[in-house]
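Read off the chains here:
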Amino acid sequence: MVSIKSSDKSRAASRIILTGRKLAALLALLVSSPFILYSRLGEKKERVDGIFVVSLQGSTGADDRNKGRLDAFKEKWRRSCGGATPPIYHCPGVIDARRGYGLTISWLRCLERAKQMDLEVNVIFEDDARLFERPESLSFCDAEKRRSTLWSGLPEDAFVTFLGGHDWKYRNADKEEGGTTNDVVPNSLASDFIIRFQETSFFFRTYGFAVSRHGLDLLLETIRGDVANGWRDEDGVLHTEFLSPEKSWYRVARDRGKKMYAAHPLIVWHEGGFSNTWKKDRGSITGEEVNDVGGGIRGVALGG
């Protein structure tokens, strides 16, 4: 019989405990980050995007009409996607009495979390965003289709790309489908449609947008500045009593030689319901209603 010294037994036990701790940490990382799971298990898939949803469901002090809204988002996306919904990260909504601050701070926290995940593309939705029932939108249900039909065609000079919004217009309103276009070449996964990115000159009240890794730091810097110091309008007037984040984004894009794009056609529409911004019920908005002034696109609250 071989005799084992007590010191050897202690070292062996320490190695077992250390190994167990490492294994537990790795398992926790894999569970919390589905996109990391692929690379950790040695598969060829890489982290491409993250889908973050801002919702006041479960937030202390939120209006009771926010109950179940995140659950409704997941369920309605599950139905649209035929039962296969993409992984979704919940960003708890922030309550702030100042108009625009709560949502903007929620975006900031979402994007700070996305920064830590080091994703190629970061997607933010509000919990009332819904997929259009058309192939271009439904391609969003599948990670590989998002990569091939959307993210592979993002223009290099894009600052923020809008996927849905209330009130907006293309850069060149004289053309039926806008000015600058960047066509995504269809592949075998999406051979019957093309999603383009078209430059916009104005976009207000977005409920879905994407920012690439290359634009994330600048967007974080912009939002932090607005939250801390307020924002300046087109006339240079400083506002601190409310925020209008998209206007700041356009100013920064112009100053930094970037452009603001929208997916064409849009990916999501806004389902009617209680508005935490305006403290009242609002109708549904597709963002595709035609504005008879200037030839742009203006979101109209359908039904009121």
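Residues numbered from 1 in each chain as written. Predicted model: local features only at pLDDT ≥ 70, side-chain atom pairs only at ≥ 80, totals over all residues. Heavy atoms only, no water.

Draft legend 1. Up close: the pattern of salt bridges. Scanning the model with the defined rule gives 21 salt bridges in all. Across the salt bridge formed by Arg-78 and Glu-75, the nearest N and O atoms sit 2.7 Å from each other. Taken together, the positions of Arg-78 and Glu-75, both in helix H3 (residues 69-80) and 3 residues apart, correspond to about one turn of that helix. For Lys-115, the salt bridge is made with Asp-217, and the minimal N-O distance between the two is 2.7 Å. Here Asp-217 lies in helix H7 (residues 213-229) and Lys-115 lies in helix H4 (residues 101-117), a separation of 102 residues in the sequence. One network of salt bridges, with partners in common, ties together Arg-69, Asp-127 and Asp-128. (Salt bridge = Lys/Arg side-chain N within 4 Å of Asp/Glu carboxyl O. Helix = DSSP H or I, 4+ residues; strand = E, 2+ residues; numbered from the N terminus.)

Draft legend 2. Examining the pairing of strand E10 (residues 259-264) more closely. Burial runs high along E10: 5 of the 6 residues are buried. Of the strand pairs in this sheet, strand E7 (residues 196-212) and E10 are connected by 4 bridges, and their pairing is antiparallel. Each bridged residue has a counterpart across the sheet, and for Glu-199 the counterpart in E10 is Tyr-261. (Buried < 20%, exposed > 50% of the residue type's maximum accessible area, 1.4 Å probe, protein only. Pairing = 2+ DSSP bridges.)

Draft legend 3. View of the packing of H4 against H7. It is at 10 Å that the axes of H4 and H7 come closest, and there the two elements cross at 150°. As for how H4 packs across H7, the hand of that crossing is left-handed. Facing Tyr-101, Thr-104, Ile-105, Leu-108, Leu-111, Glu-112, Ala-114 and Lys-115 of H4, the residues of H7 in contact are Leu-216, Asp-217, Leu-219, Leu-220, Ile-223, Arg-224, Asp-226 and Val-227. Split into classes, the residues belonging to the contact of H4 with H7 amount to 10 nonpolar, 1 polar and 5 charged. (Axes fitted to C-alpha atoms, helices over the stretch in contact; angles between N-to-C directions. Left-handed = near helix turned anticlockwise from the far one by under 90°. Contact = heavy atoms within 4.5 Å. Nonpolar A, V, L, I, M, F, W, Y, C, P; charged D, E, K, R; others polar.)

Draft legend 4. Summary view of unusual backbone geometry. With omega at 0°, the peptide bond leading from His-264 into Pro-265 counts as cis. Following the sequence through the fold, Pro-265 ends up in the loop between E10 and strand E11 (268-270). A positive phi angle, close to 55°, is found at Asp-118, a residue other than glycine.

Draft legend 5. Expanded view of the packing of aromatic side chains. Taken as a whole and judged by the stated rule, the model has 12 aromatic pairs. With a centroid separation of 5.6 Å and 70° between ring planes, the pair formed by Phe-125 and Phe-140 is classed as edge-to-face. Residue Phe-125 is found in strand E3 (residues 121-126), and its partner Phe-140 is found in the loop between helix H5 (135-138) and helix H6 (143-150); the two are separated by 15 residues along the sequence. Taken individually, Phe-125 and Phe-140 each receive the classification buried, so the pair is uniform in this respect. Geometrically, the ring pair formed by Phe-162 and Tyr-250 is stacked, given 6.3 Å between the ring centres and 20° between the ring planes. Here Tyr-250 lies in helix H8 (residues 245-255) and Phe-162 lies in strand E5 (residues 158-170), a separation of 88 residues in the sequence. Phe-162 gets classed as buried once you look at its relative accessible area, which sits at 0%. Against the face of Phe-242 rests Arg-99, its NZ or CZ located 4.6 Å from the ring centre. Note that Arg-134 overlies the ring of Phe-132, its terminal NZ or CZ placed 3.9 Å from the centroid. (Phe/Tyr/Trp six-rings, centres within 6.5 Å; stacked < 30°, edge-to-face > 60°. Lys NZ or Arg CZ within 6 Å of the ring centre and 35° of its normal.)

Draft legend 6. Just the packing of H7 against H8, in detail. Where H7 contacts H8, the two axes come as close as 10 Å, and the packing angle between them is 130°. Judged by the angle between their axes, H7 and H8 are oblique. Relative to H8, H7 is oriented so that their crossing is right-handed. Side by side, H7 and H8 meet where Leu-218, Leu-219, Thr-222, Ile-223 and Asp-226 of the first sit next to Pro-245, Ser-248, Trp-249 and Val-252 of the second. (Parallel < 35°, antiparallel > 145°, perpendicular 65-115°, else oblique.)

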